[in-house]
Amino acid sequence: CTINISYGDFDYHSGGDIQGSSTNSTRPWRNVEKFVGELIGETDVVLANHHAYSDAMYEPFLKAVTPQVCILPVWDYYHPQPSTLYNMLRGGIDEEHPAARDSVNYVFSAGIVGSNRERLAADGQLILPEGHVVVRVYEGGDRFQVFVLNDHSTDYEILYRTPVLVSRK
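Values in this document were obtained by computation on a predicted structure and should not be read as measured data. (Residues numbered from 1 in each chain as written. Predicted model: local features only at pLDDT ≥ 70, side-chain atom pairs only at ≥ 80, totals over all residues. Heavy atoms only, no water.)

Student: Any details on the pairing of strand β1 (residues 3-7)? Residues and values, ideally.
Tutor: Bridge count for β1 against strand β2 (residues 10-14) is 5 bridges, and the pairing is antiparallel. Within the sheet, the bridge partner assigned to S6 lies in β2 and is D11. Taken together, β1 and the strand that follows it, β2, pair antiparallel across an intervening segment of 2 residues, in which G8 is found at a positive phi of about 60°. (Pairing = 2+ DSSP bridges. Helix = DSSP H or I, 4+ residues; strand = E, 2+ residues; numbered from the N terminus.)

Student: Mind laying out the packing of aromatic side chains, listing which residues take part and the relevant values?
Tutor: Enumeration according to the criterion identifies 4 aromatic pairs in this entry. The interplanar angle of 20° and the centroid separation of 6.2 Å between the aromatic rings of Y106 and F108 together place this pair among those described as stacked. No difference in accessibility class separates Y106 from F108, as the two residues are buried. Taken together through their ring pairs, the aromatic side chains of Y106, F108 and Y160 make up a single cluster. Over the face of the ring belonging to Y77 we find R119, whose NZ or CZ atom lies 4.8 Å from the ring centre. In this structure, R143 is placed above the aromatic ring of Y138, and the distance from its NZ or CZ to the ring centre is 4.8 Å. (Phe/Tyr/Trp six-rings, centres within 6.5 Å; stacked < 30°, edge-to-face > 60°. Buried < 20%, exposed > 50% of the residue type's maximum accessible area, 1.4 Å probe, protein only. Lys NZ or Arg CZ within 6 Å of the ring centre and 35° of its normal.)

Student: How would you explain the pattern of salt bridges if you had to name every residue and give the values?
Tutor: Applying the stated criterion across every chain yields a total of 6 salt bridges. Residue E59 is joined to K63 by a salt bridge in which the shortest nitrogen-to-oxygen separation is 3.5 Å. Of this pair, E59 and K63 are both found in helix α2 (residues 59-65), 4 residues apart, which corresponds to roughly one turn of the helix. Of the residues examined, E59 reaches a relative accessible area of 24% and is grouped as partly exposed. Take K63: its relative accessible area is 44%, and that puts it in the partly exposed class. (Salt bridge = Lys/Arg side-chain N within 4 Å of Asp/Glu carboxyl O.)

Student: Summarise the pairing of strand β7 (residues 143-149); cite the residues concerned and give the values.
Tutor: The side chains of a regular strand alternate between both faces of the sheet. When you tally the buried positions in β7, you get 6 out of 7 residues, the bulk of the element. Here strand β6 (residues 132-137) pairs with β7 via 6 bridges, running antiparallel. The residue of β7 that forms the bridge with H132 is L149. Here β6 folds back onto β7 in antiparallel fashion, the turn holding 5 residues, of which G140 has a positive phi close to 95°. Summarising the sheet, β7 and strand β9 (residues 165-166) pair through 2 bridges and their orientation is antiparallel. Looking across to β9, one finds that R143 is bridged to V166.

Structure below.
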């Protein structure tokens, strides 16, 4: 089950537990996220499919949706997987075609465990501070901003904020 929300030019996708498969998979029918990506097209903010596990966020999906922001709904040592995070940070483009598209501008996490950030090495350090991730869409939907709030305090102070981003429709 997925949900897509549009407001003016702004688009948001939450892929739930949909999965994908590599382009050389012997079971192409399992590549649900590829078909969803082709259906929804360019999307500003994507809540990572299947907790950014190793069976999600493959190149065909990322090339179809080209998100500016990815949010990782993670809670486990195995979320996200190194290959999945690599795909998101680099837009799902392999080394032979690095200029095919810009990388995702921002990757946020709502709950990454510290040991996993370490396991992910340099890419793990590119995930912005974890906490409550709030996407604020401004009136009309032509601009939006992402905030991370401290989830260890009832004051919910702002830990991080993006500049105001422009919706791309």
